[in-house]
Amino acid sequence: MMDWTDRHCRYFHRLLSKETLLYTEMVTAPALVRGGALHLLDFAPEEHPVALQLGGSDPSELAQATKFGADAGYDEINLNVGCPSDRVQSGTFGAVLMKTPELVADCVKAMQDASDVEVTVKCRLGVDDQDAHAVLPHFLETVSATGITRFTIHARKAWLKGLSPKENRDIPPLDYPLVHKMKADFAHLHISINGGINSLEEAMPHLEQGLDGVMIGRAAYHDPAQVLLHADSRVYGKDDQSSAEAAVHDMLPYIEAHLQSGGKLHQVTRHMLGLFTGKPGARAWRRVLSQGASRPGAGPELLLEALSHISQSHPDQAAE
Ligand SMILES: Cc1cc2nc3c(=O)[nH]c(=O)nc-3n(C[C@H](O)[C@H](O)[C@H](O)COP(=O)(O)O)c2cc1C
C-alpha cells in the first residue's frame, strides 16, 4: 500500500508473523527503468517472503522492471491491475487495464520471460459499467493463458470517474460470492480475496470455503497484532512467533541502526501506532509515540516509555 507498506512497516510486520506474504508499495516500472530509482527496491532479508508490486502497461518496460526485482531478491512480482488513481490512469495502468485483458496478458508474458520469479496479478472485479460477471472470467481466462496461476481479486469494481482512490476502496459494493464463483470455475488457479476483511476471524471462512488466500490491507496496518500475531498458527498450522511487546523490543536494534544511518525515529514508529489497538494503554502508547518521535534526538527509549503505559495497564502481559 502506497506510503504505508514501506520497508520499515514490512520489517515490523514480519516480527508479528513469519509466514504471511508481505507486499511492497506499488513501484512503477517507469520509475525503475526510465527514472533509475533502483533504491525503491531496497529491502531487508528478514522481510522474506516478500512480493514486489509493479505498476505499468508497457511489456518491455515491465520485463526490465521484473528483472530488477528478481535481481533484488523478491519472492514474487505482482502486477497492479487495481489502482484507480488519476495519476495512474493517465499512465494507462492500474485498474483501467481491466478493459484490456489482452494487454495485461502481453505484460505478464513479458514479465514471466524476464526471470524465474513467480509473476502474479492483483485485479478488481471490473471497472465502471462493465458487467463483472462477464468481464472477470474473461480476464482470468485471457491472463491465465500465459501460464500464470495466482490472482488476488479486490472484490469490488473500480469506478474510474468521479470517485477518489479512497472512495474507490469503500463505495463500489463488495461482491465476495463472485470471487468464490471464480475459484469454483477456475479450480486450477490460486485465488486470493481482498477487500473489507477486517480480522483473522473474518478471513478464515473464505479459506474454509475454498479460496486459496486472503489479502488484508487496511486492517493489517491499523491493527497489526490482531491480524498478524496468530496468523502463523491459525492459517499455516505453525507456532506463533511473538507477542506485541516482544515485537517492540525486537524493533529496537533495527531502529538504532536506522537512526545511525541518518534516518528519523518517526519514519519507523508511524507504522507501529496501532500495535495495541483495543488494549488498555493504547491511547497513551499512540500519544507518546506520535508526539515524541519527531522531536530532535528522539531515540529508541521513546518506545520503552510508550510501552510502559501498556505494561502498567497490563501487568500480566508485561512479563511475557
Ligand atoms: C493507503 C493505501 C494505499 C494503497 N496502495 C495500494 C497499492 O500500492 N497497490 C495495491 O494493489 N493496492 C493498494 N491499496 C489497496 C489495498 O491493497 C486493498 O486492495 C484495499 O485497501 C482493500 O483491501 P482492505 O479492505 O483489506 O484494505 C492501497 C490502500 C490504501 C489504504
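Residues numbered from 1 in each chain as written. Predicted model: local features only at pLDDT ≥ 70, side-chain atom pairs only at ≥ 80, totals over all residues. Heavy atoms only, no water.

Caption draft 1: Region of interest: the overall build of the protein chain. A tally of helices and strands in the protein chain yields 16 helices and seven strands. Its C-alpha atoms give the protein chain a radius of gyration of 20 Å, near enough to 20 Å, the size a compact globule of 320 residues would have. Across its three principal axes, the protein chain shows a C-alpha extent of roughly 55 × 45 × 40 Å. The 320 residues of the protein chain split such that 54% are buried. (Helix = DSSP H or I, 4+ residues; strand = E, 2+ residues; numbered from the N terminus. Rg over C-alpha atoms; globule rule 2.2 N^0.38 Å. Buried < 20%, exposed > 50% of the residue type's maximum accessible area, 1.4 Å probe, protein only.)

Caption draft 2: Broad picture of the nonpolar core. One finds V121, F139, L140 and W285 to be the most contacted residues of the largest nonpolar core, which totals 87 residues. In terms of residues, this core owes the most to one element, helix α12 (residues 244–260), which gives seven residues. For L140, the contacting residues outside a window of four places in its chain are F151, I153, M182, F186, L189 and I191. (Core = buried A, V, L, I, M, F, W, Y, C linked by side-chain atoms within 4.5 Å. Contact = heavy atoms within 4.5 Å.)

Caption draft 3: Up close: the sheet that holds strand β5 (residues 150–154). Reading across the sheet, the seven strands line up as β1-β2-β3-β4-β5-β6-β7 and stay open at both edges, with parallel pairing between neighbours. Edge strands, defined here as strands with exactly one partner in the open sheet, are β1 (22–28) and β7 (213–215). Strand-to-strand twist of the sheet, defined as the mean angle between neighbouring strand axes without regard to direction, takes the value 25°. Along the sheet face, helix α1 (residues 7–16) touches β1 and β2 (50–55) and points at about 165° away from the line of β1. (Pairing = 2+ DSSP bridges. Axes fitted to C-alpha atoms, helices over the stretch in contact; angles between N-to-C directions.)

Caption draft 4: Representation of the pairing of strand β4 (residues 118–123) in the model. Most of β4 sits inside the fold, with five of its six residues counted as buried. Pairing of strand β3 (residues 76–81) with β4, which is carried by six bridges, proceeds in the parallel orientation. Its bridge partner being in β4, E76 is matched across the sheet by E118. Here three bridges tie β4 to β5, and the two strands are oriented parallel to one another. Paired with C123 across the bridge in β5 is I153. For the crossover from β4 across helix α6 (residues 132–144) to β5, the handedness is right-handed. (Right-handed = clockwise from strand over helix to strand, strands pointing away.)

Caption draft 5: Region of the structure containing the environment of Y23. With respect to the helices, strands and loops of the structure, Y23 is situated in strand β1. C-alpha separation for the pair Y23 and V235, spaced 212 residues apart in sequence, amounts to 18 Å. If near-sequence neighbours (up to four positions away) are discounted, Y23 is found in contact with T5, R10, A51, E76, N78, R150, T152 and M215. A distance of 3.1 Å separates the side chain of Y23 from the side chain of E76, its partner in a polar contact. (Polar contact = N/O pair within 3.5 Å; in protein donor to acceptor, adjacent residues only side chain to side chain.)

Caption draft 6: How the structure looks around the packing of aromatic side chains. Counted according to the given criterion, the structure contains four aromatic pairs. Taken together, a centroid distance of 4.4 Å and an interplanar angle of 20° make the contact between W4 and Y221 stacked. Separated by 217 residues along the polypeptide, W4 in the segment before α1 and Y221 in helix α9 (residues 218–222) bring together distant segments of the chain. Owing to a relative accessible area of 25%, W4 belongs among the partly exposed residues under this scheme. Considering the side-chain rings of F43 and Y74, the 4.4 Å spacing of their centres and the 35° angle between planes classify their relative orientation as tilted. With a gap of 31 residues between them, F43 in the loop between α2 (29–33) and β2 and Y74 in the loop between α3 (59–72) and β3 connect regions that are remote in the sequence. Summarising the burial analysis for this pair, F43 and Y74 share the class buried. (Phe/Tyr/Trp six-rings, centres within 6.5 Å; stacked < 30°, edge-to-face > 60°.)

Caption draft 7: Representation of α1 within the structure. Of all the 10 residues making up α1, nine are buried; the element is thus mostly covered by neighbouring parts of the structure. Those residues of α1 not exposed but buried are H8, C9, R10, Y11, F12, H13, R14, L15 and L16. Packing partners of the buried residues in α1 comprise β1, β2, α9, α10 (224–228), α12 and α13 (265–269). The distance from a side-chain oxygen at the start of α1 to the backbone nitrogen of H8 is 3.1 Å, and the residue carrying that oxygen is D6.

Caption draft 8: The confidence of the model for the protein chain, seen in detail. This prediction gives the protein chain a mean pLDDT of 95; 95% of its residues lie at or above 70. For the stretch residues 314–320, pLDDT sits under 50, and the model shows six contacts to residues farther than four places along the chain or on other chains. (pLDDT = per-residue confidence, 0-100.)

Caption draft 9: Examining the site of the ligand more closely. As a matter of local geometry, the ligand sits amid 15 residues, with Q53, K122, N194, G196 and R218 nearest to it. One nitrogen or oxygen atom from the side chain of N194 is found 2.6 Å from an oxygen atom belonging to the ligand. One of the backbone N or O atoms of G196 is found 2.7 Å from an oxygen atom in the ligand. Against a free-state accessible area of 610 Å², the protein chains account for coverage of 90% of the ligand. The class makeup of the residues in the shell around the ligand is five nonpolar, seven polar and three charged. (Near = heavy atom within 4 Å. Areas by Shrake-Rupley, 256 points an atom, 1.4 Å probe, with all protein chains shown as cover. Nonpolar A, V, L, I, M, F, W, Y, C, P; charged D, E, K, R; others polar.)

Caption draft 10: Region of interest: the pattern of salt bridges. Tallying each qualifying case throughout the model produces 13 salt bridges. A salt bridge links R270 to D3, with the shortest nitrogen-to-oxygen separation between them at 3.6 Å. Note that R270 is positioned in the loop between α13 and α14 (282–292) and D3 in the segment before α1, a separation of 267 residues in sequence. We classify R270 as partly exposed; its relative accessible area is 30%. (Salt bridge = Lys/Arg side-chain N within 4 Å of Asp/Glu carboxyl O.)

Caption draft 11: Summary view of helix α5 (residues 101–114). Taking 1.5 Å of rise per residue, the 14 residues of α5 would be expected to cover 20 Å, and the 20 Å separating its terminal C-alpha atoms lies within 8% of that figure. The complete set of buried residues in α5 reads P101, V104, A105, C107, V108, A110 and M111. (Expected span 1.5 Å × (residues − 1).)

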